[in-house]
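Close look at the chain arrangement
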Amino acid sequence: MDMGLSEIQQMLKNSAREFLAQECPLTLVRELEEDAQGYSEDLWRQVSNLGWTGIPFPEQYGGTGGSFLDLAVLVEEMGRALLPAPFFATVVLGGLTVLDAGSDEQKRDILTGVCAGTVRLTLALTEPSATTEAWGVETQASASGDGYSISGTKLFVPDAHAADTIIVAARTMPAGDDPEQGITLFLVPSSASGVAIEQVNTIGNERLCEIRLENVAVGADAVLGEVGGGWPVIERALARATTAHCVQMVGGADAVVDMTVEYVKQRTQFGRPVGSFQAVQHHCANMATDVEGARQVAYQAAWAISEGQPARREVAVAKAWCSGAYQRVCSLGHQCHGAIGFTMEHNLQLYTRRAKVQELSYGSVHDHKEIALQEIEAA
């Protein structure tokens, strides 16, 4: 595996950092935290016009034909800037799932809009159990006329309030002895009768939603993939989403390191910069080490997915390490900043709050360590 970026990837990284620094400063992030919508339509149009929403999709749908690794390079910069936009939900969770399992007609109708920035998607998987395992899917979809009637509750759905279409995981057959059997994915319009969406308050002010579905009627053409065969599609979607989260965490942690180093150079105590004290230097060195380690394992998982290789072990290792690394970087950042880093007026808390949310998303550190152990024992 070559860990270096290609010339095109480096250009994408540089241009993304420059654009986000100019158009998405942390002042805008703070402003949109207080906004009910949580994102700027103007910024979303700019992101779409740059072609970012089409990076991992074939040219026939208006995309650029890039790889998941190309997308990861961009997502890292979004994590660094804390981009407030439904990009992750639309492209990573929704668009790539449609590309993976959709029919030719579904891909044409939906992905063309995703690439153009006119269609927004999300994936509704988790329920009150909060697990991402198959046994947690209890929403029911029963045959009704020429289609299905869906009822149930979904929790922690990213940017569902902004989505035009929601990919809903529901049971079309009882779980029986194998909970992975009988799960089907449906394309449900967010405006459909019986769909109620409410935002959930979170520590990171991320736009996570609760979706209540009451006898929501959809046609047979709303099925994404095979009836009863949705779980393998979900597993692939979770691998991509988890890895993208890891790359986001790398970007956020890297920003915290830069912020901290700049602060300790300028902050003086006892007549000298606090960065000249050995203890503070050790903190900064440990932060930088954590970021580089996280970057290595996150990109190794992204590369494996991009190459179509089995990546269960790589994804588990990346999530287990990146979650802890981001927490440690923020903790040491606070120690270096002192009390000011804990104030809402300082930008460090923006990253610390999101680090906690991302640590718990798509499986805890314990869950992924267990998966990594299973993969090691099976090797």
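Reading guide: rules and limits
- Residues numbered from 1 in each chain as written.
- Predicted model: local features only at pLDDT ≥ 70, side-chain atom pairs only at ≥ 80, totals over all residues.
- Heavy atoms only, no water.
- Buried < 20%, exposed > 50% of the residue type's maximum accessible area, 1.4 Å probe, protein only.
- Helix = DSSP H or I, 4+ residues; strand = E, 2+ residues; numbered from the N terminus.
- Pairing = 2+ DSSP bridges.
- Phe/Tyr/Trp six-rings, centres within 6.5 Å; stacked < 30°, edge-to-face > 60°.
- Lys NZ or Arg CZ within 6 Å of the ring centre and 35° of its normal.
- Expected span 1.5 Å × (residues − 1).
- Axes fitted to C-alpha atoms, helices over the stretch in contact; angles between N-to-C directions.
- Parallel < 35°, antiparallel > 145°, perpendicular 65-115°, else oblique.
- Left-handed = near helix turned anticlockwise from the far one by under 90°.
- Nonpolar A, V, L, I, M, F, W, Y, C, P; charged D, E, K, R; others polar.

Let's shift gears to the pairing of strand S1 (residues 121–124). Burial of S1 is two-sided: the residues Leu-121 and Leu-123 facing one way and the residues Thr-122 and Ala-124 facing the other way are all buried. Relative to strand S4 (residues 165–171), S1 is paired through four bridges, and the arrangement is parallel. Residue Leu-123 lies in a different strand from S4, and its bridge partner there is Ile-167.

Let us look at the packing of aromatic side chains. Within this structure, the stated rule accounts for three aromatic pairs. An angle of 85 degrees between the planes, with centres 5.4 Å apart, marks the rings of Phe-19 and Trp-52 as edge-to-face. Taken as a pair, Phe-19 in helix H1 (residues 7–23) and Trp-52 in the loop between helix H3 (41–49) and helix H4 (68–81) lie far apart in primary sequence, 33 residues in all. Take Phe-19: its relative accessible area is 15%, and that puts it in the buried class. In this arrangement the basic side chain of Arg-328 is found over the ring face of Trp-321, its NZ or CZ atom lying 4.7 Å from the centre.

This next bit is on helix H6 (residues 104–116). Compared with the 18 Å implied by 1.5 Å per residue over 13 residues, the 18 Å span of H6 between its first and last C-alpha is a close match. For H6, every residue scored as buried is listed here: Gln-106, Lys-107, Ile-110, Leu-111, Gly-113, Val-114 and Cys-115. The first or second residue beyond H6 is Gly-117, which carries a positive phi of 85 degrees.

In this structure, Phe-156 is a non-glycine residue whose phi angle is positive, near 55 degrees. Of note, Phe-156 is situated in strand S3 (residues 147–158). With phi around 60 degrees, Tyr-362 is a residue other than glycine that occupies positive phi space. On the basis of relative accessibility, which here comes to 16%, the residue Tyr-362 falls in the buried class.

Where helix H7 (residues 231–266) contacts helix H8 (residues 278–306), the two axes come as close as 9 Å, and the packing angle between them is 160 degrees. If you check the angle between H7 and H8, you find them roughly antiparallel. Helix-helix and strand crossings are classified by hand; for H7 and H8 the assignment is left-handed. Taken together, the residues of the contact of H7 with H8 break down into 20 nonpolar, two polar and three charged.

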